[in-house]
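These are the residues of each chain, in order.
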Amino acid sequence: MSDFYAVIGRPIAHSKSPQIHLDFAKSAGQEIRYEKIEGESGRFAEQVDEFRTQGLRGLNITAPFKLDAFAYATELSDAARLAGAVNCLTFKSDGTVRGDNFDGVGLVRDITHNLKVALEGKKILMLGAGGAARGALLPILAEKPATFAIVNRTLAHAEALCDAVDGQIDVGNYGTLDRQPYDVILNATSCSLTGVLPPVSSDAFSAPVLVYELAYGKGLTPFLALAGQSGARAQADGVGMLVEQAAEAFALWRGVRPETRKVIDALAVPLS
Ligand code: NDP
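In this text the structure is predicted, and so the values were computed from the model without any measurement.

A word on the environment of Leu76
Residue placement: Leu76 occurs in strand β4 (residues 75-76). Judged by its relative accessible area of 25%, Leu76 falls in the partly exposed class. Once the C-alpha coordinates of Leu76 and Lys92 are considered, the two residues, 16 residues apart in sequence, prove to be 13 Å apart. The contact partners of Leu76, leaving out residues within four places of it in the chain, are Phe70, Arg81, Val86 and Gly99.

A look at the sheet that holds strand β12 (residues 234-236)
The parallel open sheet is built from 6 strands, whose spatial order is β9-β8-β7-β10-β11-β12. Of all strands in the sheet, those bounded by a partner on one side alone are β9 (170-172) and β12. Neighbouring strand axes in the sheet, compared pairwise and without regard to direction, differ in orientation by 15° on average. In this sheet, strand β8 (residues 147-151) lies alongside strand β7 (residues 123-127) in parallel orientation, the contact comprising 5 bridges.

Looking at the site of the ligand
Among the 23 residues in the neighbourhood of the ligand, the closest are listed as Ala129, Ala132, Asn152, Thr154 and His157. Between the ligand and the protein, one listed contact pairs an oxygen atom with a side-chain N or O atom of Arg153 at 2.9 Å. Between the ligand and Thr189 there is a distance of 3.4 Å, counted from an oxygen atom to a backbone nitrogen or oxygen. For the ligand, whose accessible area on its own is 930 Å², the fraction buried by protein is 76%. Elements with a minimum of two residues in the shell around the ligand: α6 (131-142) and α9 (239-254). Taken together, the residues that form the shell around the ligand break down as 11 nonpolar, 9 polar and 3 charged.

The rules we used
Residues numbered from 1 in each chain as written. Predicted model: local features only at pLDDT ≥ 70, side-chain atom pairs only at ≥ 80, totals over all residues. Heavy atoms only, no water. Helix = DSSP H or I, 4+ residues; strand = E, 2+ residues; numbered from the N terminus. Buried < 20%, exposed > 50% of the residue type's maximum accessible area, 1.4 Å probe, protein only. Contact = heavy atoms within 4.5 Å. Pairing = 2+ DSSP bridges. Axes fitted to C-alpha atoms, helices over the stretch in contact; angles between N-to-C directions. Near = heavy atom within 4 Å. Polar contact = N/O pair within 3.5 Å; in protein donor to acceptor, adjacent residues only side chain to side chain. Areas by Shrake-Rupley, 256 points an atom, 1.4 Å probe, with all protein chains shown as cover. Nonpolar A, V, L, I, M, F, W, Y, C, P; charged D, E, K, R; others polar.

Now the structure itself:
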């Protein structure tokens with residue numbers, strides 16, 4: 001019988017994870033079973049326990065269950081501990097449950113490997129201080145940027161991120177740190193999910209090397225449109241991040257790092 005994996009979220013119908021993992025398995029010459037699980041509020045642990053009795057080997061977690069998955073894990077990677085959120089659970093044969101957070105490493109791999117933009121020595125600005133921003137902190141800092149600034153609507157949330165990495169980043173509200181040019185600007189707010197432009201100053205966009213929208217499947221968001229007017233050399237949405245975080249989970253579970261280029265191309269929507 002094929003090894004059994006799944007993704008849980010609410011809603012889950014839109015999830016691309018089954019397609020991504022089944023494509024990875026096919027290209028690696030492996031057979032797996034991968035299902036979508038519609039999560040029920042307040043029943044995360046019970047549901048996961050139930051699927052584990054059916055042989056579930058690993059689980060990807062999407063909104064709104066990343067904190068429940070964090071609580072469920074019995075051992076955590078550094079990135080998961082810092083993020084306070086888990087997007088990948090691995091059920092080991094000795095009963096331990098490993099919790100990882102691959103969102104940040106997926107983001108950095110998409111930027112440095114797929115888009116071929118080095119973050120080392122760059123001035124980076126990230127908008128937003130939610131779960132995705134928190135997950136991105138350590139992987140971005142590991143690239144040794146020249147400066148790393150975060151602006152957020154609620155300053156206290158950005159300050160908490162700064163404390164989590166012992167002050168290795170600069171934080172402020174909109175209209176403060178974003179009034180100077182940056183090389184790389186990342187939108188880690190949820191604004192683009194509802195077609196809203198985050199209140200970032202246009203002064204940040206003086207011919208940046210890369211403007212990156214973490215949301216995916218939304219086409220030309222107001223944020224990317226603003227970037228287009230600014231003469232950004234490269235623009236991207238988060239589809240590559242999505243596929244790369246899945247590739248990390250697949251590599252952990254299956255022992256092979258899958259080829260991601262074709263999978264990204266198959267899921268990409270035009271940014272114009
Ligand atoms: P969270 O809900 O954890 O955080 C949302 C962030 O957006 C907060 O910083 C919030 O600010 C800010 N925000 C929301 N509305 C506004 C507004 N009107 N003006 C200014 N700031 C606002 O979301 P996530 O971190 O989980 O997700 C963020 C983005 O990343 C989403 O677009 C999501 O789709 C994307 N994502 C992409 C992934 C991928 O694989 N490509 C994986 C995970 C996420 P405040 O603190 O003030 O509330």
